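These are the residues of each chain, in order.
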Amino acid sequence: MNKLNLDRNRLLYCGITLAVIAIGLASRRWPGMLPAAWGKYPGDALWTMMVFFGLATAMPRLGARRLALAALAISYAVEFSQLYQAPWIKAVRAHPIGHLALGSTFNWPDLAAYTIGAVLAMLGAQALRSRGLT
C-alpha cells in the first residue's frame, strides 16, 4: 500500500471517527431520537465504533478483524475498570469528559452493546474495502 492510500485511509477513518462521536453525543443529548427501549446502549455501541475507527486512523494497515478485537478489548477493559471505585477515579468520572470516556458503573449488558458496535464497525470497514474506498 502506498503513502497516498494510507493518507487517504487515515483521512477517511478520521472523518468516520468524528462522525461517530457526533452521532454518539447526539444520542445522549437527544435520547428521544432513538426508541426508548434501546436505552443508553446505542451510545455504548457507538463508543466501541469510535475506538475501532480511531485505531484504524492510527493503524490503517491493520485488518478489520484485528481492529474489532482491539476495540472490543479496550471497551471491555474500560467497562471492567468501572468495578474500581477509588475516590480519585470517581472524581475523574464525575467530570463530563471523564464520564464520557470512562463511564461510571459496571453494567453487564454494556458488554453486549460493545460487541455489537465492534461487529458493526468491522462490517462497515469491510464494506468500505470491498468498494475500493480503503
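Residues numbered from 1 in each chain as written. Predicted model: local features only at pLDDT ≥ 70, side-chain atom pairs only at ≥ 80, totals over all residues. Heavy atoms only, no water.

## Observations regarding the layout of surface pockets
For clarity, the threshold we go by: A 1.4 Å probe that fits into a set of points on a 1 Å grid over the protein atoms alone but cannot get out defines a cavity; an open set with protein on both sides within 12 Å along at least five of seven lines defines a pocket, and lining residues are those with an atom within 4 Å of a point. Grid points are joined across faces, edges and corners, and a volume is the space filled by probe spheres set on the points. Strands are runs of DSSP state E lasting at least 2 residues, helices are runs of H or I lasting at least 4, and numbering of each runs from the N terminus. Residues are grouped as follows: nonpolar covers Ala, Val, Leu, Ile, Met, Phe, Trp, Tyr, Cys and Pro; charged covers Asp, Glu, Lys and Arg; every other residue, Gly included, is treated as polar.
The volume enclosed by the largest pocket comes to roughly 460 Å³. Along the walls of the largest pocket sit 23 residues, with Arg28, Gly43, Trp47, His99 and Leu100 positioned nearest its centre. Of all the elements in the fold, those that place two or more residues in the lining of the largest pocket are helix H1 (3-29), helix H2 (41-58), helix H3 (64-81), helix H5 (96-102) and helix H6 (108-130). Per-class residue counts for the lining of the largest pocket are eleven nonpolar, seven polar and five charged.

## What to know about the pattern of salt bridges
The following threshold applies: Salt bridges are defined as contacts in which a side-chain nitrogen from Lys or Arg sits within 4 Å of a carboxyl oxygen from Asp or Glu. Each residue is placed in one exposure class: buried if its accessible area under a 1.4 Å probe, protein chains only, is under 20% of its type's maximum, exposed if it is over 50%, and partly exposed if it falls in between.
Taken as a whole and judged by the stated rule, the model has three salt bridges. Close ionic contact of aspartate 44 with arginine 28 constitutes a salt bridge, the shortest N to O distance being 3.3 Å. Taken together, the residues aspartate 44 in helix H2 and arginine 28 in helix H1 connect sequence positions 16 residues apart. Overall, arginine 28 belongs to the partly exposed group, its relative accessible area being 41%. Among the charged side chains, a network of salt bridges with common partners joins Arg28, Lys40, Asp44 and Asp110.

## Section: the nonpolar core
The criterion, for reference: Residues enter a nonpolar core if they are buried and are Ala, Val, Leu, Ile, Met, Phe, Trp, Tyr or Cys, with the set joined through side-chain atoms within 4.5 Å. Any two residues whose heavy atoms approach within 4.5 Å are treated as being in contact.
Counting residues in hydrophobic clusters, the biggest one holds 24 residues, and the most contacted among them are Tyr13, Ile16, Phe52, Phe53 and Ala125. Elements with a contribution of two residues or more to this core: H1, H2, H3 and H6. Sorting elements by how many residues they give to this core places H2 first, with eight residues. Sequence-distant contacts of isoleucine 16, defined by excluding residues within four places in its chain, comprise Phe53 and Leu128.

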